[in-house]
Amino acid sequence: QVQLVESGGGLVQPGGSLRLSCQASGNIFGTSTMGWYRQAPGKQRELTATITRRGSTTYVESVKGRFTISTDNAKNTVYLQMNSLKAEDTAVYYCNWGFYSGMDYWGKGTLVTVSS
């Protein structure tokens, strides 16, 4: 079993920054890809950013140049640095931790609200 604990969400003004963290505990041997997804009110959950164990990253077009995903393998933590936040970034952000076995785990989510 793997447990994921997200933190770092909150209320921020447009143009501001936040850094989300997701720390994994348990047996994470065989990790393949870690990612952040988000779900805005009334919308489906969407992929936001991913990073492989080797450090390859992908981003949804709408966050390219503003968000950066990174990891600290020693701390079993994945981060999402979010800059130049916009109102449309308001969502619950979920951490996902995937394995070569095909299993994956989800965090409970952290709310990001961008509003003046």
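Keep in mind the model is a prediction, meaning the values are calculated, not measured. (Residues numbered from 1 in each chain as written. Predicted model: local features only at pLDDT ≥ 70, side-chain atom pairs only at ≥ 80, totals over all residues. Heavy atoms only, no water.)

Draft legend 1. Structural context of the sheet that holds strand 8 (residues 77–82). Sheet architecture is open: four strands sit in the order 1-3-8-7, paired in antiparallel fashion. Looking along the sheet, the strands with just one partner apiece sit at the ends: strand 1 (2–7) and strand 7 (67–72). On average, each strand axis in the sheet is inclined to that of its neighbour by 15°, with strand direction left out of account. Pairing of strand 3 (residues 18–26) with strand 8, which is carried by six bridges, proceeds in the antiparallel orientation. (Pairing = 2+ DSSP bridges. Helix = DSSP H or I, 4+ residues; strand = E, 2+ residues; numbered from the N terminus. Axes fitted to C-alpha atoms, helices over the stretch in contact; angles between N-to-C directions.)

Draft legend 2. Summary view of the pattern of salt bridges. Enumeration over the complete set of coordinates arrives at four salt bridges. Of the charged contacts in the structure, one is a salt bridge between aspartate 89 and arginine 38, with a shortest N-O distance of 3.0 Å. Separated by 51 residues along the polypeptide, aspartate 89 in the loop between strand 8 and strand 9 (91–99) and arginine 38 in strand 4 (residues 31–39) bring together distant segments of the chain. Owing to a relative accessible area of 6%, arginine 38 belongs among the buried residues under this scheme. The closest approach of N and O atoms between arginine 66 and aspartate 89, which form a salt bridge, is 2.7 Å. Taken as a pair, arginine 66 in the loop between strand 6 (57–59) and strand 7 and aspartate 89 in the loop between strand 8 and strand 9 lie far apart in primary sequence, 23 residues in all. Its relative accessible area of 10% is what places arginine 66 among the buried residues. (Salt bridge = Lys/Arg side-chain N within 4 Å of Asp/Glu carboxyl O. Buried < 20%, exposed > 50% of the residue type's maximum accessible area, 1.4 Å probe, protein only.)

Draft legend 3. Local environment of the packing of aromatic side chains. Per the stated rule, a full pass over the model turns up two aromatic pairs. Taken together, a centroid distance of 5.9 Å and an interplanar angle of 85° make the contact between phenylalanine 99 and tyrosine 105 edge-to-face. For the pair phenylalanine 99 and tyrosine 105, a shared accessibility class is recorded, and that class is buried. Directly above the ring of tyrosine 94 sits arginine 45, whose terminal nitrogen or CZ lies 3.7 Å from the centroid. (Phe/Tyr/Trp six-rings, centres within 6.5 Å; stacked < 30°, edge-to-face > 60°. Lys NZ or Arg CZ within 6 Å of the ring centre and 35° of its normal.)

Draft legend 4. Structural detail: the state of the cysteines. One pass over the full model with this rule turns up one disulfide. Disulfide partner of cysteine 22: cysteine 95, at an S-S distance of 2.1 Å. Looking along the S-S bond of the cysteine 22-cysteine 95 disulfide, the torsion reads about -80°, which is the left-handed sense. Placement of cysteine 22 in strand 3 and of cysteine 95 in strand 9 is noted, with a sequence separation of 73 residues between them. The class for cysteine 95 is buried, based on a relative accessible area of 0%. (Disulfide = S-S within 2.5 Å.)

Draft legend 5. Region of the structure containing the environment of arginine 38. With 11 residues separating them in the primary sequence, arginine 38 and alanine 49 have C-alpha atoms 9.5 Å apart. Apart from residues no more than four positions distant in its own chain, arginine 38 is found in contact with Gln44, Arg45, Glu46, Thr48, Ser62, Val63, Phe67, Asp89, Ala91, Val92 and Tyr93. A distance of 3.0 Å separates the side chain of arginine 38 from the side chain of aspartate 89, its partner in a polar contact. (Contact = heavy atoms within 4.5 Å. Polar contact = N/O pair within 3.5 Å; in protein donor to acceptor, adjacent residues only side chain to side chain.)

Geometric descriptors of this kind do not, in isolation, establish any biological role.
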